[in-house]
Amino acid sequence: MRYRQLTTGTLALGVLLLIDVLRVWLPGIITIFGQAASTPAELMGAFALGWFVLALGAPAVVRRVGARPVTVVAAVALAVARLTLTAAPGGRTQLWVATAGLLAGLVWLVGVAADTDRPVPGLALGFAVNAAVHAVLDTVDLVWRGDWVAWLLSVVAVTVFLVGTAQPGQRGGTDAARTGTVDGPDGPAEARGGPGGGRAWLVAGPALLLAAMVALSPALARTGMSYLVGDGVARSPLFGLAPVPVAVAGFLGTALTRPPRGWGRAYGPAALLSGAVLFALDRGDLLLPAILLAAVGLGACLALTDDSADHTSDHASDASASRRGYAVAAGMLVFALGAVGYYSAYDLGYPNAAVPVVVAVLIAAVAFTARPVAHRLPGPFPPLRATAAVTSLALLAPVLADEVPVASNREGPPQRLTVVAYNIRMGFGLDGRFDLTGLAEVVERQRPDVVLLSEVDRAWLLNGGHDTLDLLADRLGMPYVFGPAADPVWGDAVLSRWPVRDPRSLPLAAVGAPTGAQALAVTLDLGDGVRTAVVSTHLQPPPGTGPVVQARAVADFAIRYAAGRPLVVGGDLNTEPGDEAFTEFTRAGLVDALAAARPLATSPADDPRQQIDHIFVSPQLTSADPVAPRSTASDHLPVAVTVTLPPR
């Protein structure tokens, strides 16, 4: 392998490993270090930002010690942390291993930046391959799988990364930096230590943020596909991952090819800004165009920062190596500020739509103001072949990872329905591990006909970028309907073994609670004209009081929607029996389906003391066997009850 290919491939692999670590570390902030809605968001944000600020000291270390030793030591630490996380230790151990891996990855980037003045091909390949692999793995990374296949692939990736890092070709600041070229089979190649690359390294962090949040997010792509019905709710889509190869091809194709000259250079920044604005509008029906525009625009902006050309100044090389180190460290700090700023809003209550737009403006400004290169050197890989290869990998995702559970009527209407209501905490258990198996097992033991889910996350980077709803629906073999609450990818859902009709979502007044809330109503078609209404919700209490206003709105909405038909209402209601919000449901004529088992505490899961998860039914339904089965797959226990339908 030629030098440039080795350098680019190693950088891409390192980016893959760093993103893997981030997908463990980011959720750990709110599931291990703190607890969302109880630990102050400011404290969690300070913890997150502190490590990126600390990495700003890495360029000084590189300048004193040298890029080579710093890069090698940091690469080994990143690799060890990545493999340790594959063992899924959970708890504080997992958090601190991920933190060590994150810091090592940031220092490694600074070391690589000092020796690499053309990072765009490696960064672009790393982002694109990560998206393709994430899609093929159905948005569940190898680090969370832990089987022998996951271990094998993880060990191979880490080994190749370390071997590439250890090669002499990875050294910089030697004769190649002094002469400005490296002779290879295809002629002279760009120097490792030339004065270019500063802009590309500066936008690496912001580009990573927009790629993971929007442009190259498989979970967001599938969520966007699930909104195509256009009635304000989302349903199990067919070939939900189909947009991923399109986004990957658009991103990588534009990132690896020469950008146009003149005002034609503006198409990339314009597309990126358009995609960011569409994403910021928080509309499910706009997610797909947001993804595709952002992917093409982000790739084009990276290409504009690729200022590779022949360099000859030894002094410029030394100075630019330090500038590149500070540039990538500052860029990753922008990544952290953007992520913390965007997701903290759901706890603190300020508007966050401007965050992705501001990050897009930063990238667009840096890219568009870059000086065009008159004699640009060829890239390490042919653009068309590289794009085709990664796109082909992404094309496997709709075939291998997409499953569409289908509900169908059984013989005749059932006499009973088993209902489960469960706050799944984005899929993370009390130990901070992404535990879909634990969630599915505790639900399956109840043999449910319908499942009401709260705290459903479908693409938040903060939670690892998983489509938790689709993953759980696949495991349970139950199609879903999703009602957006905080934004189009966070809310509540209903999974049903029976066909679902007439879904409606009612946004609820915030009444001082930052996180949005809604009520999702569906009608179960049980055959022979038998219908039952179901409402799933998650009430958000305002500071210092109960969710009385929201409870009243949900009760009224549910009664009107049912229109005399049998009705089930359930979810995490954040109110206890006897509280004013609780009595809003009984005042509306609904019956506490869990009354026979009271007290029935559901939170916290390891030591339940609060009765805040509930199921209510209309008087014509008879409830039996109410339970709250023990599990630590979430911070709540599920509640389940069997209801008998009225005779026909």
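Refer to the structure presented above.
For clarity, every value in this text was computed on a predicted model and none was experimentally measured.

K.L.:
Got a minute to help me understand the packing of helix 13 (residues 267–280) against helix 16 (residues 354–368) in this structure?
P.N.:
The packing of two helices is summarised by the inter-axis angle and the distance between the axes. Where helix 13 meets helix 16, the closest approach of the two axes is 9 Å, and the angle between their N-to-C directions is 175 degrees. Comparing the axis directions of helix 13 and helix 16 gives the class roughly antiparallel. Contacts between helix 13 and helix 16 involve Pro269, Leu272, Leu273, Ala276, Val277, Phe279 and Ala280 on the former and, on the latter, Pro356, Val357, Ala360, Val361, Ile363, Ala364 and Phe368. Across the contact of helix 13 with helix 16, the residue classes tally to 14 nonpolar, no polar and no charged.

K.L.:
What should I look at first to understand helix 5 (residues 91–115) in this one?
P.N.:
Counting along an α-helix, one turn takes 3.6 residues, and residues three or four places apart therefore face a common direction. Taking 1.5 Å of rise per residue, 25 residues should cover 36 Å, and helix 5 covers 37 Å from first to last C-alpha, within 8% of that figure. Most of helix 5 sits out of view: 18 of its 25 residues are buried.

K.L.:
Looking at this structure, I do not really get the packing of helix 10 (residues 198–215) against helix 16. What am I missing?
P.N.:
Between helix 10 and helix 16, the least distance of the axes is 10 Å, while the angle of their chain directions is 155 degrees. Comparing their axes, helix 16 and helix 10 come out roughly antiparallel. Once helix 10 is placed against helix 16, the crossing between them reads as left-handed. Where helix 10 approaches helix 16, its residues Arg199, Leu202, Val203, Pro206, Ala207, Leu209 and Leu210 are matched on the opposing element by Pro356, Val359, Ala360, Leu362, Ile363 and Val366.

K.L.:
When you look at the packing of aromatic side chains in this model, what are you seeing that I'm missing?
P.N.:
Given two aromatic rings, one states the distance between the centres and the angle between the planes to describe the pair. Evaluation of the coordinates by the stated rule reveals 22 aromatic pairs. Centroid distance Phe127 to Phe251: 6.4 Å. Interplanar angle 35 degrees. Geometry classified as tilted. Highlighted residues: Phe127 in helix 6 (residues 120–136) and Phe251 in helix 12 (residues 243–256), separated in sequence by 124 residues. Seen from their ring centres, Tyr342 and Tyr346 are 6.0 Å apart, and the 80 degrees between their planes marks the pair as edge-to-face. Taken together, the positions of Tyr342 and Tyr346, both in helix 15 (residues 314–348) and four residues apart, correspond to about one turn of that helix. Here Tyr342 and Tyr346 have matching classes, each one buried. Pairwise contacts between aromatic rings join Trp25, Phe33, Phe47, Trp51, Phe52, Trp96 and Phe335 into one cluster.

K.L.:
Even after reading the chapter, I still don't get unusual backbone geometry, so can you show me in this structure?
P.N.:
Glycine aside, the phi torsion of most residues is negative, and most peptide linkages are trans. That bond from Arg598 to Pro599 is cis: its omega, 0 degrees, falls within 30 degrees of zero. Take Pro599: it is sitting in the loop between strand 12 (591–592) and strand 13 (613–617). Residue Pro604 is reached from Ser603 by a cis peptide bond, and omega for that bond is -10 degrees. Within the secondary structure, Pro604 sits in the loop between strand 12 and strand 13. Of note in the backbone geometry, Arg425 takes a positive phi value of approximately 45 degrees without being a glycine. Locating Arg425 in the fold gives a position in the loop between strand 4 (416–423) and helix 18 (436–444). One non-glycine residue, Asn574, lies in positive phi territory at about 50 degrees. Take Asn574: it is sitting in the loop between strand 11 (567–572) and helix 21 (580–587).

What counts, and where the lines are drawn
- Residues numbered from 1 in each chain as written.
- Predicted model: local features only at pLDDT ≥ 70, side-chain atom pairs only at ≥ 80, totals over all residues.
- Heavy atoms only, no water.
- Axes fitted to C-alpha atoms, helices over the stretch in contact; angles between N-to-C directions.
- Helix = DSSP H or I, 4+ residues; strand = E, 2+ residues; numbered from the N terminus.
- Parallel < 35°, antiparallel > 145°, perpendicular 65-115°, else oblique.
- Contact = heavy atoms within 4.5 Å.
- Nonpolar A, V, L, I, M, F, W, Y, C, P; charged D, E, K, R; others polar.
- Expected span 1.5 Å × (residues − 1).
- Buried < 20%, exposed > 50% of the residue type's maximum accessible area, 1.4 Å probe, protein only.
- Left-handed = near helix turned anticlockwise from the far one by under 90°.
- Phe/Tyr/Trp six-rings, centres within 6.5 Å; stacked < 30°, edge-to-face > 60°.

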